[in-house]
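# Commentary on secondary and tertiary structure
So the chains spell out like this:
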Amino acid sequence: MSTILPARHQIPLPLDRIILRDSPGAEAIEMDVVIVGGGPAGLACAIELAGLVKRDQESGGGMPDVGIAVLEKAGSVGEHNLSGAVVNPRAMRELFPDRPPSDFPFRQPVAGEAVYFMTEGRAQRLPTPPTMHNAGYYTASICEIVRWLGERAEELGVNLFAGFPVDALLVEGSAVRGVRTTPSGLTRDGGRTGDYTEPTDLTARVTVLAEGTRGLLTQAWRQWQQVGSQNPSLFALGVKEVWESARPLDRVIHTLGWPLPNDAFGGSFFYPLGERQVAIGLVVGLDYHEAALDVHDLLQRFKLHPLIRPYLDGGQLLEWGAKTIPEGGYYALPERRCGDGVLVTGDAAGFVDVPSLKGIHYAMQSGIYAARAIFEGLKRGDTSRSGLAAYDRMVDESYIVADLHRTRNMRLAFKDGLYVGGFKAGLMTLTSGRFPSARIEMPEDAATPRHVAPAEPMAPDGRLTVGKLDAVFKSGNATRDTIPSHLLVGPDVSAEVADFYSHLCPAGVYERVGDELRVNPPNCVDCKATDVLGPRWTPREGGSGPKYRLM
């Protein structure tokens, strides 16, 4: 059996394109704080910082006005956000202490939950692991949460710029001094159309990287400043659908086992979103071993299971999407998340607890801490690494790191397969993480060899199950066909590697034609899966990609 080593076919990060020592342009926009990414971390940071400034001014503290800009690559806030999502409201309550929970943009409280071990025709109910208890939490749409947070930020005077991707950091010495946005209106070969728009430079005393999972700027900053971690970052790919359901679902359901192979880590979720909608998804760790594994196809098969099908038969697929998730946990956290003029928050820093399937409240909490550190740094006139170091201290002393430390080896245990991993995870739960005493070492996902074997293609019925192109249509993707490719393909892409990419990508961006790789950039929904295992992802013009409303 032949194998593929993904790392062999991936090009290095193009640092010379991302870390720029150029002087800002003559028409640069001057801000005090620029936040890259309008998701839960970035917006929580903006809201908390604006509130701190306002309260200081009202109390006579002498703080001058602070210009805060949030740059979001989607055409509208929320259109690129995707999550499960069962939400712990802790960070929301801290950010809005005067609001009752009924004001928050959640769909419904979690009324019940169940965990099942799946075979192709059966579902065996299991005891719910302690890490997965969801009492007091809510099901929600992350798109709706983010849109609501965006409204609250604008009420506080935050400058919210949607449709402005960022593809470079402006630096001076070791300090980040601002960002440069991505141009728009280029032809496929790089020429300018009549709608061409120049990049915009924004200078800032502090730049916050809240760009989400597998952030390009975060990767570049860490490599440039040699910010390591004990283990490499690990990622999973999640594919999700929202359905108008045929009958109401009364509980949150998670499953493990089928349709995943035993040597792949992952599972499913099935959540109610009110009486008439459900969210269903499948998440698979990107250290899987079979080159032909296809997460989108596995989700389509999963929907046919007798446990799931009765809720979807007679219903309607409303929306589809995909996203990578940072899964490295405690040992993959950057050794520091601050530098001269820069902070890293949320998914970009890897604040996700895989055993509890939670990340939204950690992202928001890290944004709150970032705002507090920035506020103090601005008050003192010191936004150097030492001036912003309070951020790392707050995070390290918080429940974020405490939670990740308690489950520090659970995801890593599953590198030996489902059954051995499940046994070890059980011992870790019983010992509150003290077993094993040592860190489990992991290679990066791209260093895991993939076994090449014939695939069994699935024929979607177009009703209950859908192909990739129909799925992309349901994402709302309206990227123009003539856009330049934002995907950097490495050398030596054989026919087998082309096949691997075609299975890896849930959106049909890559396909094998003969023995060659064909790339269809407009299909991309920015899930970043191939940035982990194949062609590098870079930003494209603002408003490209999906237009999620329900995710």
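As the structure is a computational prediction, the values presented were derived from the model and not from experiment.

In this section: the overall build of the chain. Each helix and strand in the chain was counted, giving 15 helices and 29 strands. On C-alpha atoms alone, the chain measures out to a radius of gyration of 22 Å, which is about the 24 Å that the 2.2 N^0.38 rule sets for 551 residues. Pairs at least 24 residues apart make up 79% of the contacts formed inside the chain by residues separated by at least 6 positions. Accessible surface computed for the chain: about 21400 Å², of which carbon and sulfur atoms make up 49%. Distance between charge centroids for the chain: 4 Å, based on 56 positive and 66 negative side chains.

What follows concerns the pattern of salt bridges. All chains considered together, the criterion is met by 33 salt bridges. Between Asp287 and Arg411 there is a salt bridge whose closest N-O contact spans 3.0 Å. With Asp287 in the loop between strand E21 (277-285) and helix H6 (295-302) and Arg411 in helix H11 (residues 410-413), this residue pair connects regions lying 124 residues apart in the sequence. The exposure class assigned to Arg411 is buried, which follows from its relative accessible area of 4%. Put simply, Arg337 and Asp396 hold a salt bridge, and the shortest N to O gap is 2.5 Å.

Moving on, we get to the pairing of strand E27 (residues 510-513). Examined bridge by bridge, E27 and strand E28 (residues 516-519) share 4 bridges and lie antiparallel to one another. If you follow Arg512 over to E28, its bridge partner there is Leu517. In this antiparallel pair of consecutive strands, E27 and E28, the connection spans 2 residues, and Gly514 shows a positive phi of 65°.

Take helix H10 (residues 399-406) next. Considered for burial, the residues of H10 that qualify are Tyr399, Ile400, Val401, Asp403 and Leu404. Taken together, the buried residues of H10 touch helix H3 (90-95), helix H8 (360-380) and helix H9 (390-396).

Scanning the model with the defined rule gives 12 aromatic pairs in all. The interplanar angle of 80° and the centroid separation of 6.1 Å between the aromatic rings of Phe104 and Trp148 together place this pair among those described as edge-to-face. Of this pair, Phe104 sits in the loop between H3 and strand E7 (108-109) while Trp148 sits in helix H4 (residues 142-155), placing them 44 residues apart in sequence. Overall, Phe104 belongs to the buried group, its relative accessible area being 5%. Here Phe106 and Tyr138 contribute two aromatic rings whose centre-to-centre distance is 4.9 Å and whose plane-to-plane angle is 25°, an arrangement assigned as stacked. Here Tyr138 lies in strand E10 (residues 138-139) and Phe106 lies in the loop between H3 and E7, a separation of 32 residues in the sequence. Given the relative accessible area of 14%, Phe106 is considered buried. Cluster of aromatic residues (ring-pair linked, three or more members): Phe96, Phe104, Phe106, Tyr138 and Trp148. Directly above the ring of Tyr399 sits Arg90, whose terminal nitrogen or CZ lies 3.6 Å from the centroid. Of note, Lys528 hangs over the ring of Trp537, and the distance from its end group to the ring centre comes to 4.3 Å.

When a strand is regular, its side chains alternate between the sheet's two faces. Where burial is concerned, most of strand E12 (residues 166-172) is hidden: 5 out of the 7 residues are buried. Examined bridge by bridge, strand E2 (residues 19-20) and E12 share 2 bridges and lie parallel to one another. Note that in E12 the partner of Leu20 across the bridge is Leu170. The sheet contact formed by E12 and strand E13 (residues 175-181) spans 6 bridges and is antiparallel. The partner of Ala168 across the bridge, within E13, is Arg180.

What follows deals with the sheet that holds E7. Pairing is antiparallel across the open sheet formed by 3 strands, whose spatial order is E6-E10-E7. Only two strands of the sheet have a single partner each, and these edge strands are strand E6 (86-87) and E7. Pairing of E6 with E10, which is carried by 2 bridges, proceeds in the antiparallel orientation. Along E10, the bridge assignment pairs Val87 with Tyr138.

Attention now goes to the sheet that holds E2. Read from one edge of the open sheet, 5 strands run E2-E12-E13-E16-E3, paired in mixed fashion. Each of the sheet's edge strands pairs with one partner strand only, and the pair in question is E2 and strand E3 (29-30). Each of E2, E12 and E13 touches helix H5 (residues 216-224); the most contacted strand, E12, lies at about 30° to it.

The amide bond that connects Gly84 to the next residue, Ala85, takes the cis arrangement and shows omega of -5°. Mapping Ala85 onto the fold places it in the loop between strand E5 (68-72) and E6. A cis amide bond links Trp258 to the next residue, Pro259, at an omega of 10°. A positive phi is found at Lys528, a non-glycine position, where the angle reads about 75°. Relative to the assigned elements, Lys528 resides in the loop between E28 and helix H15 (529-533). Here Lys528 falls in the buried class, since its relative accessible area comes to 8%.

When two helices pack together, their arrangement is given by the angle between the helix axes and the distance between those axes. Interhelical geometry of helix H2 (residues 40-58) versus H4 gives an angle of 20° and a closest axis separation of 9 Å. Between H2 and H4, the crossing angle belongs to the class labelled roughly parallel. In this structure, H2 meets H4 at a crossing whose hand is left-handed. Listed contacts from H4 to Pro40, Leu43 and Ile47 of H2 are Ile142, Val146, Leu149, Gly150, Arg152 and Ala153. Across the contact of H2 with H4, the residue classes tally to 7 nonpolar, 1 polar and 1 charged.

Rules used in this analysis
Residues numbered from 1 in each chain as written. Predicted model: local features only at pLDDT ≥ 70, side-chain atom pairs only at ≥ 80, totals over all residues. Heavy atoms only, no water. Helix = DSSP H or I, 4+ residues; strand = E, 2+ residues; numbered from the N terminus. Rg over C-alpha atoms; globule rule 2.2 N^0.38 Å. Contact = heavy atoms within 4.5 Å. Areas by Shrake-Rupley, 256 points an atom, 1.4 Å probe, with all protein chains shown as cover. Lys, Arg positive; Asp, Glu negative; His and termini not counted. Charge placed at Lys NZ, Arg CZ, Asp CG, Glu CD. Salt bridge = Lys/Arg side-chain N within 4 Å of Asp/Glu carboxyl O. Buried < 20%, exposed > 50% of the residue type's maximum accessible area, 1.4 Å probe, protein only. Pairing = 2+ DSSP bridges. Phe/Tyr/Trp six-rings, centres within 6.5 Å; stacked < 30°, edge-to-face > 60°. Lys NZ or Arg CZ within 6 Å of the ring centre and 35° of its normal. Axes fitted to C-alpha atoms, helices over the stretch in contact; angles between N-to-C directions. Parallel < 35°, antiparallel > 145°, perpendicular 65-115°, else oblique. Left-handed = near helix turned anticlockwise from the far one by under 90°. Nonpolar A, V, L, I, M, F, W, Y, C, P; charged D, E, K, R; others polar.

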